[in-house]
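Each chain, written out:
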Amino acid sequence: MNSFQKLFSEKNKNILSIYFTAGFPELNDTNVILRTLEKHGTDMIEIGMPYSDPLADGPVIQNSGMKALQNGMTIKLLFDQLKGNKEKINVPLILMGYLNPVLQYGFEKFCADAKAVGISGIILPDLPITEFENEYKNILAQNGLNFIFLITPETSDERIKKIDEISEGFIYAVSSSSVTGRDQDMSAQKSYFERIKNMRLKNNVLIGFGIKDRETFTEACKYASGAIIGTAYIKAIEKGGDIDIETQTFLNSIL
Amino acid sequence: MSSQAKYSQPDENGYYGRFGGAYVPEMLYSNVENLKENYLKIINDESFQKEFNTLLKDYAGRPTPLYYAGRLSEKYGTEIFLKREDLCHTGAHKVNNTIGQILLAERLGKKRIIAETGAGQHGVATATVCALKNLECIVYMGEKDIARQAPNVARMKMLGAKVVPAVSGSKTLKDATNEAIRDWINNPNDTYYLIGSVVGPHPYPDMVARFQSVISDEIRKQLKEKKGTELPGYVIACVGGGSNAAGAFYHFMEDESVQLIAVEAAGLGVESGMSAATTQLGTVGVLHGSKSYVMQTEDGQVVEPHSISAGLDYPGIGPMHANLFATKRAKFMNATDDEAVAAAFELTKLEGIIPALESAHALAVLGKIKFKKDDIVVVNLSGRGDKDMDTYIKKLQS
């Protein structure tokens with residue numbers, strides 16, 4: 001049983017996953033953020049690896065990435081920061097970013113190093129299924145890493161089934177066709193969420209993009225095992241207050 | 001020719017050798033897939049070809065002349081022909097592609113056209129065809145480029161386009177491209193992304209190359225008429241993303257006796273840290289949806305290039321060109337800012353033609369190649385210099 005399956009076997013409703021950008025607001029905030037997120041009730045954490053050209057992200061996550069890069073964040077540094085966390089953090093950790101920096105780091109080395117620091121899953125939105133299957137699937141599997149695929153309202157049933165077949169972590173359902181951080185009318189996405197729910201997929205589904213408060217979180221949880229929040233959390237900590245307090249206040253407003 | 005088209009056409013997944021592909025997030029998958037499934041069917045259709053060719057002829061002004069440049073030939077001791085893309089409507093080869101893609105967008109039922117632009121030439125060419133077809137047009141342009149290319153911004157606005165400043169990242173072409181892609185993600189149903197170069201996810205590089213291939217198709221016919229042979233010794237073109245070079249090389253790629261010379265912008269010098277010579281400075285990576293050479297840091301962050309020519313100021317290169325470079329089918333040379341400006345003044349003085357700064361890079365290598373007296377050398381004069389008058393005037397005054 002992988003760490004996602006273990007989580008879903010213990011809890012399969014109202015799962016909360018939080019995304020943050022490594023190296024933001026300050027270079028060495030990574031571990032503080034991880035610990036406070038876990039302490040205040042996050043079920044799963046996505047660690048964003050900043051990139052100069054984040055195509056799928058809106059302004060808030062873009063800016064956090066720019067700042068993180070200016071602070072000096074790199075994948076190598078991130079792995080250094082994460083060393084020793086394996087015993088301290090118990091919730092599943094995911095690395096999320098774009099393909100290019102990972103290719104430069106070396107895909108095999110990246111996977112090996114990710115495994116060594118206790119990462120469970122990888123999200124690279126611009127790595128397409130064909131390339132995943134031809135070149136990368138085995139390397140990920142050898143390192144016990146689950147690759148998480150995105151689906152959108154435009155994704156066909158046939159393709160969703162294919163993604164369900166090759167996924168072993170969970171499926172990341174993007175709430176609407178958009179970049180991150182745009183306001184969404186969750187009720188307008190009802191038929192899309194219903195469609196996914198009725199497909200009875202073998203994988204659990206988490207809904208992301210546009211989830212920002214208790215209302216949107218609760219709405220998303222009606223249709224899926226849980227939801228993912230990124231932009232709203234970045235906004236909560238970007239002012240540079242006490243991370244522990246800001247995180248607690250933020251999570252209390254959701255859960 | 002298709003059975004032996006090993007350089008000019010990608011495989012079914014969009015790869016030229018090991019370069020290309022479609023590295024797009026799922027939000028763009030259905031749009032890109034729809035395009036991939038339909039583009040060949042649509043552009044090979046008789047009604048499409050008829051309308052495309054009529055517009056190229058009557059609207060864009062094709063065929064463009066292949067001009068024997070006598071005084072330039074005398075200077076370099078060889079026979080130099082200029083392919084006069086500078087005489088196209090809107091002032092550059094860019095319109096060949098925008099005419100093709102707007103007809104495609106129309107047939108796909110799209111109502112809203114988005115584009116990226118650096119110097120503004122592709123933006124103007126896009127705004128032009130959108131006016132022609134009465135379609136909404138939004139052009140993303142780096143905030144810095146808007147400030148330094150005011151005349152083209154004014155042209156786009158007069159043509160009815162909305163020019164949106166890209167304020168992210170370095171605020172230039174790379175970021176304008178990011179913003180256009182984000183717009184496309186946010187508007188998947190009604191919007192068509194009209195890419196200006198042979199970059200982006202498959203099928204864009206192949207599609208743009210096909211629309212630009214009219215350049216080399218004409219060169220072959222014109223050379224036959226003037227010299228009794230379809231094949232020159234050399235074809236020289238500048239390369240940023242690489243659309244004019246793709247068009248000028250296209251029908252010569254499989255004729256290996258023809259030397260293809262791609263000229264990149266060296267900026268202040270290849271090793272100066274202020275350059276845009278992607279094949280010399282780049283490593284293999286993924287940018288804007290395809291795998292190619294990318295100028296980047298060791299950590300995979302894309303770096304900002306420099307060239308005096310905004311049209312060559314791009315940290316990547318089309319996957320077709322990456323393959324021509326890797327297989328050594330084309331020779332890659334480069335010219336500095338100063339060399340390009342000098343070449344522009346030389347052409348103006350000898351032939352009475354003011355070239356675009358981009359095209360001047362292609363002219364700038366003429367003195368670096370040992371030609372024989374009877375070599376036939378074709379230089380693709382991709383655009384005219386009107387837009388660069390500010391730069392030229394400054395040089396005149398200094």
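Bear in mind that the values here come from a model prediction, so they are computed numbers and not experimental data. (Residues numbered from 1 in each chain as written. Chains lettered and ligands numbered in written order. Predicted model: local features only at pLDDT ≥ 70, side-chain atom pairs only at ≥ 80, totals over all residues. Heavy atoms only, no water.)

### Some thoughts on the packing of aromatic side chains
So the rule is basically this: Stacked, tilted and edge-to-face are the three classes applied to pairs of Phe, Tyr and Trp rings, where Trp contributes its six-membered ring and a pair requires centres within 6.5 Å; stacked means planes under 30 degrees apart, edge-to-face means over 60, and tilted covers the rest. Under the DSSP-based scheme used, a helix requires at least four consecutive residues in state H or I and a strand at least two consecutive residues in state E, with every element numbered from the N terminus. Note on exposure labels: buried denotes an accessible area under 20% of the residue type's maximum, exposed denotes more than 50%, and partly exposed covers the range between, all computed with a 1.4 Å probe on protein chains only. Throughout this description, the term charge over a ring refers to an Arg CZ or Lys NZ atom that lies within 6 Å of the ring centre and within 35 degrees of the ring normal.
Following the criterion strictly, the structure yields 26 aromatic pairs over all chains and no others. An angle of 55° between the planes, with centres 6.5 Å apart, marks the rings of B:Tyr192 and B:Tyr204 as tilted. Of this pair, B:Tyr192 sits in strand β8 (residues 191–193) while B:Tyr204 sits in helix α9 (residues 204–212); the two residues are twelve residues apart in sequence, bridging distant segments of the chain. On the basis of relative accessibility, which here comes to 2%, the residue B:Tyr192 falls in the buried class. With a relative accessible area of 0%, B:Tyr204 lands in the buried category. Grouping aromatic residues by their ring pairs yields a cluster made of B:Phe19, B:Tyr293, B:Phe325 and B:Phe332. Looking at A:Arg159, its charged tip hangs above the ring of B:Tyr29, at a distance of 3.2 Å from the centre.

### Let's talk about the pattern of salt bridges
What counts here: The term salt bridge refers to a pairing of a side-chain nitrogen on Lys or Arg with a carboxyl oxygen on Asp or Glu at a separation within 4 Å.
Applying the stated criterion across every chain yields a total of 38 salt bridges over all chains. Where A:Lys162 meets A:Glu133, a salt bridge forms, and the shortest distance between an N and an O atom there is 3.2 Å. Taken as a pair, A:Lys162 in helix α8 (residues 157–166) and A:Glu133 in helix α7 (residues 129–142) lie far apart in primary sequence, 29 residues in all. Judged by its relative accessible area of 31%, A:Lys162 is partly exposed. Residue classification places A:Glu133 among the partly exposed residues on the basis of a relative accessible area of 29%. Notably, a salt bridge pairs B:Glu346 with B:Lys75, separated by 2.8 Å at the nearest N-O pair. Here B:Glu346 is found in helix α14 (residues 337–351), whereas its partner B:Lys75 is found in helix α3 (residues 70–76), with 271 residues between them in sequence.

### Some details on the nonpolar core
Applied cut-off: In this description, a nonpolar core means a group of buried Ala, Val, Leu, Ile, Met, Phe, Trp, Tyr and Cys residues linked to one another through side-chain atoms lying within 4.5 Å. Contacts: residue pairs with any heavy atoms within 4.5 Å of one another.
Counting residues in each nonpolar core, the largest one holds 190 residues, and the members touching the most others are A:Ile47, A:Leu95, A:Phe110, A:Ile119, A:Phe170 and A:Tyr172. It is helix α1 (residues 26–44) of chain B that contributes the most residues to this core, seven residues altogether. In this structure, A:Phe110 is in contact with A:Met49, A:Ile75, A:Phe79, A:Leu95, A:Val102, A:Tyr105 and A:Ile122, ignoring residues within four places of it in sequence. B:Ala69, B:Ile80, B:Ala343 and B:Val365 belong to the second-largest nonpolar core, a separate cluster that totals 29 residues.

### Some thoughts on the interface of chain A and chain B
What counts, and what does not: When two parts are brought into contact, each loses some accessible area as probed by a 1.4 Å sphere; the total of that loss over both is the buried area. A 3.5 Å cut-off defines polar contacts: any pair of N or O atoms within that distance qualifies, except that in protein one atom must be a possible hydrogen donor and the other a possible acceptor, and neighbouring residues in sequence count only when both atoms are side-chain atoms. Residues are grouped as follows: nonpolar covers Ala, Val, Leu, Ile, Met, Phe, Trp, Tyr, Cys and Pro; charged covers Asp, Glu, Lys and Arg; every other residue, Gly included, is treated as polar.
Taken together, the contact pairs 37 residues of chain A with 33 residues of chain B. When the two sides are added together, the surface that chain A and chain B hide from each other amounts to roughly 2900 Å², 50% of it contributed by carbon and sulfur. At the boundary of chain A with chain B, the tally comes to two salt bridges. Between B:Lys174 and A:Asp53 there is a salt bridge, with the nearest N and O atoms lying 3.0 Å from each other. Inspection of the region where chain A meets chain B yields 17 residue pairs in polar contact (both at pLDDT 80 or more). Looking at the side of chain A that touches chain B, the elements with two or more residues in it are α3 (59–71), α5 (99–105), α7 and β6 (150–151) of chain A. If you tally residues by element for the side of chain A that touches chain B, the top one is α5(A), at five residues. Residues belonging to the side of chain A that touches chain B are distributed by class as follows: 20 nonpolar, nine polar and eight charged.

### Points about the confidence of the model for chain B
As a reminder, the rule being used: Values of pLDDT, ranging from 0 to 100, describe the predictor's confidence in every residue of the model.
Confidence in the prediction of chain B, expressed as mean pLDDT, is 96, and 99% of residues score 70 or more. Across the interfaces of the predicted complex, the ipTM metric reaches 0.93, alongside a pTM of 0.96.

### Some words on the pairing of strand β10 (residues 259–267) of chain B
All names here are of chain B. Threshold: Two strands make a pair as long as DSSP finds a minimum of two bridges between them.
With eight of its nine residues buried, β10 lies for the most part within the structure. When β10 meets strand β13 (residues 330–336), the two strands line up parallel, connected through seven bridges. From the neighbouring strand, Ala262 faces β13, where its bridge partner is Phe332.

### A short note on the packing of α3(A) against helix α11 (residues 231–238) of chain A
Residues and elements named next belong to chain A. Spelled out, the test is: Between N-to-C directions, angles cover 0 to 180 degrees, with each direction set by a line fitted to C-alpha atoms, over the stretch in contact for helices. Put simply, angles under 35 degrees are roughly parallel, angles over 145 are roughly antiparallel, angles from 65 to 115 are roughly perpendicular, and the rest are oblique. A clockwise turn of the near helix away from the far one marks a right-handed crossing, whereas an anticlockwise turn of less than a right angle marks a left-handed crossing.
Close contact between α3 and α11 brings their axes to 9 Å; oriented N to C, the two are set at 55°. The pairing of α3 with α11 is recorded here as oblique in orientation. In this structure, α3 meets α11 at a crossing whose hand is left-handed. Residues Val60, Ile61 and Ser64 of α3 touch α11, and the partners they reach there are Thr231, Ile234, Lys235 and Glu238. Grouping the amino acids of the contact of α3 with α11 by side-chain chemistry returns three nonpolar, two polar and two charged.

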